[in-house]
Amino acid sequence: MAYWEETSERRRAPQSMALDTRIQRTYKGKIIKQRIERNQTSNVKRKFFKELKREGIDSNDMHRSKRNHINQDTDADSAAMADSAERSRPEHAPRPPRANPFQKLLKERDQVKQQREEERKQRDIEVRQTEQRRSKCMHVRKEERKKFTARTKRGQPVLSNQIGSLLDKIKRG
């Protein structure tokens, strides 16, 4: 067999190879998706508990209170609970919306966005004004240049334009 015929065949991993190295060669899309989901949920939990800590609520107390409510619910009479639930809210009525734990962050973000938008508008206005000033100055310079470069039939400079500009300078300052 020639060299190129030997290399064209696909080699199989030896059976004695460790399990880890065989797994490394397989498709890992599902594992990666699971890691991403795990990271996202842990990110949300971390932000939530951070917000609770900022508000002064201890997360351990919150878990304890949930457990206490569960124990009290199992001890209470189920018929009495059903009656109180029917009085408070009919079955087909939607639940009241929950308070968003990130409401403060959302408000702060909106305020920052508004400030940035106002700053951007101010910069746009300033840029337009400077551009208008420049164009006005350029127009004035162009007119003066025309006057100073004006010549008579014989090629002599027109002195009336120069004298007029000198008189304007004297009047200004």
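## What to know about the overall build of the chain
Summing up its helical and strand segments, the chain has seven helices and zero strands in all. When the 173 residues of the chain are sorted by exposure, 3% land in the buried category. A sequence separation of at least 24 residues applies to 29% of the contacts in the chain between residues at least 6 apart. Surface accessibility of the chain: about 17,200 Å² in total, with carbon and sulfur atoms responsible for 52%.

## Concerning a nonpolar patch on the surface
The grouping of Leu159, Ile163, Leu167 and Ile170 at the surface amounts to a nonpolar patch, some 410 Å² of accessible area in total. Relative to the elements of secondary structure, leucine 167 occurs in helix H7 (residues 159-172).

## Some details on the side chain of glutamate 51
Looking at the element boundaries, glutamate 51 is found in helix H3 (residues 29-55). On the basis of relative accessibility, which here comes to 3%, the residue glutamate 51 falls in the buried class. Those residues in contact with glutamate 51 that lie beyond four places of it in its chain are Pro101, Lys104 and Leu105.

## Thoughts on the pattern of salt bridges
With the rule as written, the count across this model stands at three salt bridges. Its salt-bridge partner being glutamate 117, residue arginine 120 comes within 2.4 Å of it at the nearest N-O pair. With arginine 120 and glutamate 117 both in helix H6 (residues 103-149) and three residues apart, this pair spans about one turn of that helix. What makes arginine 120 partly exposed here is its relative accessible area of 36%. The partly exposed category is assigned to glutamate 117, whose relative accessible area is 33%. A salt bridge links aspartate 124 to arginine 120, with the nearest nitrogen and oxygen atoms 3.1 Å apart. Here arginine 120 and aspartate 124 lie together in helix H6, a separation of four residues that amounts to about one turn. Linked through salt bridges whose partners overlap, the residues forming this network are Glu117, Arg120 and Asp124.

## A word on H3
Spanning 27 residues, H3 covers 39 Å between terminal C-alpha atoms, matching the ideal 39 Å at 1.5 Å per step. Among all positions of H3, only Gly29, Glu51 and Leu52 are buried. Positive backbone phi, approximately 95°, marks glycine 56, located one or two places after H3.

About the thresholds
Residues numbered from 1 in each chain as written. Predicted model: local features only at pLDDT ≥ 70, side-chain atom pairs only at ≥ 80, totals over all residues. Heavy atoms only, no water. Helix = DSSP H or I, 4+ residues; strand = E, 2+ residues; numbered from the N terminus. Buried < 20%, exposed > 50% of the residue type's maximum accessible area, 1.4 Å probe, protein only. Contact = heavy atoms within 4.5 Å. Areas by Shrake-Rupley, 256 points an atom, 1.4 Å probe, with all protein chains shown as cover. Patch = residues over 30% accessible without salt bridge, like charges linked within 9 Å, V, L, I, M, F, W, Y side chains within 5 Å. Salt bridge = Lys/Arg side-chain N within 4 Å of Asp/Glu carboxyl O. Expected span 1.5 Å × (residues − 1).

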